[in-house]
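This is what each chain is made of:
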Amino acid sequence: MTDATIDPPVGTGSRGRRISKHALLVAFGVVMLYPLLWMVSSSVKPTELIFRDPSIWPSRLTLGNYVDGWSALAHPFHYYLVNSALIAIGAVIGNLLSCSLAAYAFARLKFRGRKFFFAAMLATLMLPIHVLIVPQYVLFSKLGWINTTLPLVVPKFFAHDAFFIFLMVQFIRQLPRELDEAALMDGCGHFRIYWRIIIPLSVPALTTSAIFTFIWTWNDFFSQLIFLTNPDLYTVPVALRSFLDAQGETNWGQLFAMSIVALAPIFGFFLAGQRYLTQGLATTGLK
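Now for a description of the structure that goes with this document. Nothing here was measured: the structure is a model prediction, and the numbers come from that model.

Basis of the calculations
- Residues numbered from 1 in each chain as written.
- Predicted model: local features only at pLDDT ≥ 70, side-chain atom pairs only at ≥ 80, totals over all residues.
- Heavy atoms only, no water.
- Helix = DSSP H or I, 4+ residues; strand = E, 2+ residues; numbered from the N terminus.
- Polar contact = N/O pair within 3.5 Å; in protein donor to acceptor, adjacent residues only side chain to side chain.
- Contact = heavy atoms within 4.5 Å.
- Axes fitted to C-alpha atoms, helices over the stretch in contact; angles between N-to-C directions.
- Left-handed = near helix turned anticlockwise from the far one by under 90°.
- Nonpolar A, V, L, I, M, F, W, Y, C, P; charged D, E, K, R; others polar.
- Phe/Tyr/Trp six-rings, centres within 6.5 Å; stacked < 30°, edge-to-face > 60°.
- Buried < 20%, exposed > 50% of the residue type's maximum accessible area, 1.4 Å probe, protein only.
- Lys NZ or Arg CZ within 6 Å of the ring centre and 35° of its normal.

**So, the side chain of Asn83**
At step 1: Along the chain, the position of Asn83 falls in helix H3 (residues 77-108).
At step 2: Within the structure, Asn83 has its side chain in polar contact with the backbone oxygen of Asp232 (distance 3.3 Å).
At step 3: Those residues in contact with Asn83 that lie beyond four places of it in its chain are Asp232, Leu233, Tyr234 and Thr235.

**Focus on the packing of H3 against helix H10 (residues 203-219)**
At step 1: Running from N to C, H3 and H10 point in directions that differ by 145 degrees, and their axes come no closer than 9 Å. Crossing geometry of H3 relative to H10 is assigned as right-handed. Residues Leu81, Ser84, Ala85, Ile87, Ala88, Ala91, Val92, Asn95, Leu96 and Ser100 of H3 touch H10, and the partners they reach there are Leu206, Ser209, Ala210, Thr213, Phe214, Thr217 and Trp218.
At step 2: Grouping the amino acids of the contact of H3 with H10 by side-chain chemistry returns eleven nonpolar, six polar and no charged.

**Quick look at the packing of aromatic side chains**
At step 1: Inspection of every chain in the model, using the stated rule, returns 23 aromatic pairs.
At step 2: Measuring from centroid to centroid gives 5.7 Å for Phe140 and Trp145, while their planes differ by 15 degrees, and the two rings are stacked.
At step 3: Judged by relative accessible area, which is 6%, Phe140 ranks as buried.
At step 4: Between the aromatic rings of Phe191 and Tyr194, the centroid separation amounts to 5.9 Å while the plane-to-plane angle is 45 degrees, which identifies the pairing as tilted. Linking Phe191 with Tyr194, this pair stays in helix H9 (residues 190-201), spanning three residues, or about one helical turn.
At step 5: Residue Phe191 is classed as exposed on the basis of its relative accessible area, which comes to 56%.
At step 6: An aromatic cluster is defined as three or more aromatic residues linked by ring pairs; in this entry it consists of Trp38, Phe51, Trp252 and Phe256.
At step 7: If you follow Arg173 out to its NZ or CZ, it ends over the ring of Phe118, 5.2 Å from the centre.

Now the structure itself:
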């Protein structure tokens, strides 16, 4: 009498592998989210328990950190949120206008030295902000722009960010040139082609650029610290730095609470354009 062998159900192995992969991804996700979860937890703990109780489940809850932190500085915290929002919105508008125009020129127009200027533009990506900040400060100081928002906004209207030019160039290159040729035959000039055809079709790339510009400008601490020394002009990152007292005791609870508040606009802006962001990154560079 022979022993009968029972084959495992079809798909059992692949289902087990999928479960293992998902479990591994969830574990990595928890590890990556732990600092954020710990900051959220610390924002509702009494300050004296933040470092004594490192768990993310607070033993005592309090909303006093949010109430006190909102008015702990020279101005209510919404004042700094408005300052950051104005600068970020100005940077977004400037980048979308100037970078899209430059990208259209590089992607569609033929002019002498195009490849050289495009390579030179890409080379600026390798220059860190710490190298550029000194000549920028000297220039803006001579213009009388220190302690104003102009150094943080005006350069964006002159195609200042090479990364977004490159992103839009790659996106525009995969758009059919037949659309341009048909528009030229109908009597359209380059600006009308740019405005009526390229811009509507480049919404995913424009949204991607807008999201990254907003997030990077909102989180920018170094440039804002250099150019904005007047407390009335402080943005959110510089205002958060004011919670750190070098001579006295730092109120960590209020700092973490206002940090959570500062993250809310970033999450909202990201979620609003998430669909276009994924589409823009997925299609950039495809032919």
